[in-house]
Amino acid sequence: MTEVMDFHRDLSARLAELEDFDRLAKDLDGELDRRTAAVAEAGAEVGAARRRAAQGLGEEVTANLRELAMARAEVQVEVGDDPGDDVDILLAANSGAPGLPLTSAASGGELARVMLALRLVVSAGPPVLVFDEVDAGIGGQVAQTVGRSLSRLTADHQILVVTHLPQVAACADQQVSIVKHDDGASTTVTAEPLDGEDRVIELSRMLSGSPDSESARRHASELLEVSQG
């Protein structure tokens, strides 16, 4: 008898559910519409916030490029439709040039400097950053500025830089000499950490090509002291 009553109760509940199907379906459709509208509203807020931030970000990156030997360059950040997930970084490398995506407008050195300028503004990101050719086409005081800018990033990241400029190399916490050896039969590459006098000698070689020159070594020592200071 108990089983029959339980079965009757289950069937009654199921019948009531089926008879109320239209109302339940209408309620679910209404809930779906409300939640879809809430998602669209949130997406509009996110998109608007990203578009507001885009102009300031482009201006800050452009300002940093002024110090990285790209005095005429301009960076713009374009944000797509809500929620603004599509973001393009456009570079006009020269006066009067149209803004183009970085992959189309920037050479290897320019791309590295734009990424450096961007990282100086946006500190979040991968723990390890690699810069290659960031010193292409620069030298002197600009090279020192690039080196100091790279040093600023070490507060939050490990930075690996491939450079041929002593002004940049002297700013590093650790300098490594990479040398390719070709004996005619095979080619090998060695990586040697430099410290103390060895680092001074290598910086002398980078400065003048004459690591045995006393004046070059004095200059290298001075450069290292200033850069590390």
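Nothing here was measured: the structure is a model prediction, and the numbers come from that model. (Residues numbered from 1 in each chain as written. Predicted model: local features only at pLDDT ≥ 70, side-chain atom pairs only at ≥ 80, totals over all residues. Heavy atoms only, no water.)

A short note on the overall build of the chain
Okay, step 1: Helix and strand content of the chain: 8 helices and 7 strands.
Okay, step 2: Over its C-alpha atoms the chain spans a radius of gyration of 30 Å, topping by over 25% the 17 Å that the globule rule assigns to 229 residues.
Okay, step 3: Oriented by its inertia axes, the alpha-carbon framework of the chain measures out at about 105 × 50 × 40 Å.
Okay, step 4: Here the chain, with 229 residues, has 30% of them falling under the buried criterion. (Helix = DSSP H or I, 4+ residues; strand = E, 2+ residues; numbered from the N terminus. Rg over C-alpha atoms; globule rule 2.2 N^0.38 Å. Buried < 20%, exposed > 50% of the residue type's maximum accessible area, 1.4 Å probe, protein only.)

Describing the nonpolar core
Okay, step 1: Leu 65, Leu 91, Leu 116, Phe 131, Val 146 and Leu 150 are the most contacted members of the largest nonpolar core, which has 28 residues in total.
Okay, step 2: Of all the elements in the fold, those that place two or more residues in this core are helix H2 (21-66), helix H3 (102-105), helix H4 (108-121), strand S4 (128-132) and helix H5 (140-153).
Okay, step 3: In terms of residue count, the dominant contributor to this core is H4 (6 residues).
Okay, step 4: In this view, Val 146 contacts Leu 68, Leu 116, Val 134, Ile 138 and Val 168; residues no more than four positions away in its chain are not counted.
Okay, step 5: Listed in part, the 8 residues of the second largest apolar core include Ala 169, Val 200, Met 206 and Ala 220. (Core = buried A, V, L, I, M, F, W, Y, C linked by side-chain atoms within 4.5 Å. Contact = heavy atoms within 4.5 Å.)

Some thoughts on the pairing of strand S5 (residues 158-162)
Every regular strand shows the same layout, with side chains that alternate between the two sheet faces.
Okay, step 1: The pairing of S4 with S5 spans 5 bridges and is parallel. Residue Phe 131 lies in a different strand from S5, and its bridge partner there is Val 161.
Okay, step 2: Following the backbone out of S4, through H5 and into the adjacent parallel S5, one traces a crossover that is right-handed. (Pairing = 2+ DSSP bridges. Right-handed = clockwise from strand over helix to strand, strands pointing away.)

Examining the side chain of Asn 64
Okay, step 1: As for its position among the elements, Asn 64 is in helix H2.
Okay, step 2: Among the residues examined, Asn 64 registers a relative accessible area of 16% and is labelled buried.
Okay, step 3: Residue contacts for Asn 64: discarding those within four places in its chain leaves Ala 117, Leu 120 and Val 121.

Let's talk about the sheet that holds strand S3 (residues 100-101)
Okay, step 1: Across the sheet, which stays open at both edges, the 3 strands sit in the order S1-S2-S3 with antiparallel pairing between neighbours. In this open sheet, the two edge strands, each paired with only one partner strand, are strand S1 (74-79) and S3.
Okay, step 2: In terms of strand pairing, S1 meets strand S2 (residues 87-92) through 6 bridges, oriented antiparallel. Each bridged residue has a counterpart across the sheet, and for Val 79 the counterpart in S2 is Val 87.

Focus on the confidence of the model for the chain
Okay, step 1: With 100% of its residues at a pLDDT of 70 or more, the chain shows a mean pLDDT of 89.
Okay, step 2: Model confidence for the chain, summarised as mean pLDDT per element, is weakest for helix H1 (residues 2-19) at 76 and strongest for strand S7 (residues 187-194) at 95. (pLDDT = per-residue confidence, 0-100.)

Things to note about a nonpolar patch on the surface
Okay, step 1: A contiguous nonpolar patch, built from Val 128, Val 130 and Leu 160 and spanning about 250 Å² of accessible area, is present on the exposed surface.
Okay, step 2: With respect to the element layout, Val 128 can be found in strand S4. (Patch = residues over 30% accessible without salt bridge, like charges linked within 9 Å, V, L, I, M, F, W, Y side chains within 5 Å. Areas by Shrake-Rupley, 256 points an atom, 1.4 Å probe, with all protein chains shown as cover. Salt bridge = Lys/Arg side-chain N within 4 Å of Asp/Glu carboxyl O.)

Some details on the pattern of salt bridges
Pairs can form between side chains of opposite charge whenever their charged atoms are close.
Okay, step 1: This model, assessed by the stated rule, comprises 7 salt bridges.
Okay, step 2: Across the salt bridge formed by Arg 35 and Glu 31, the nearest N and O atoms sit 2.5 Å from each other. Of this pair, Arg 35 and Glu 31 are both found in helix H2, 4 residues apart, which corresponds to roughly one turn of the helix.
Okay, step 3: For Arg 35, a relative accessible area of 57% gives the class exposed.
Okay, step 4: With its nearest N and O atoms 3.8 Å apart, the salt bridge here joins Arg 217 to Asp 212.
Okay, step 5: On the basis of relative accessibility, which here comes to 66%, the residue Asp 212 falls in the exposed class.
Okay, step 6: Residues joined in a network through salt bridges with shared partners are Glu 31, Arg 34 and Arg 35.

A closer look at unusual backbone geometry
Okay, step 1: Residue Pro 83 is bonded to the preceding Asp 82 through a cis peptide linkage, with omega at 5°.
Okay, step 2: Mapped onto the elements of the fold, Pro 83 is located in the loop between S1 and S2.
Okay, step 3: Not every positive phi belongs to a glycine, and Ala 69 is a case in point at roughly 65°.
Okay, step 4: Relative to the assigned elements, Ala 69 resides in the loop between H2 and S1.

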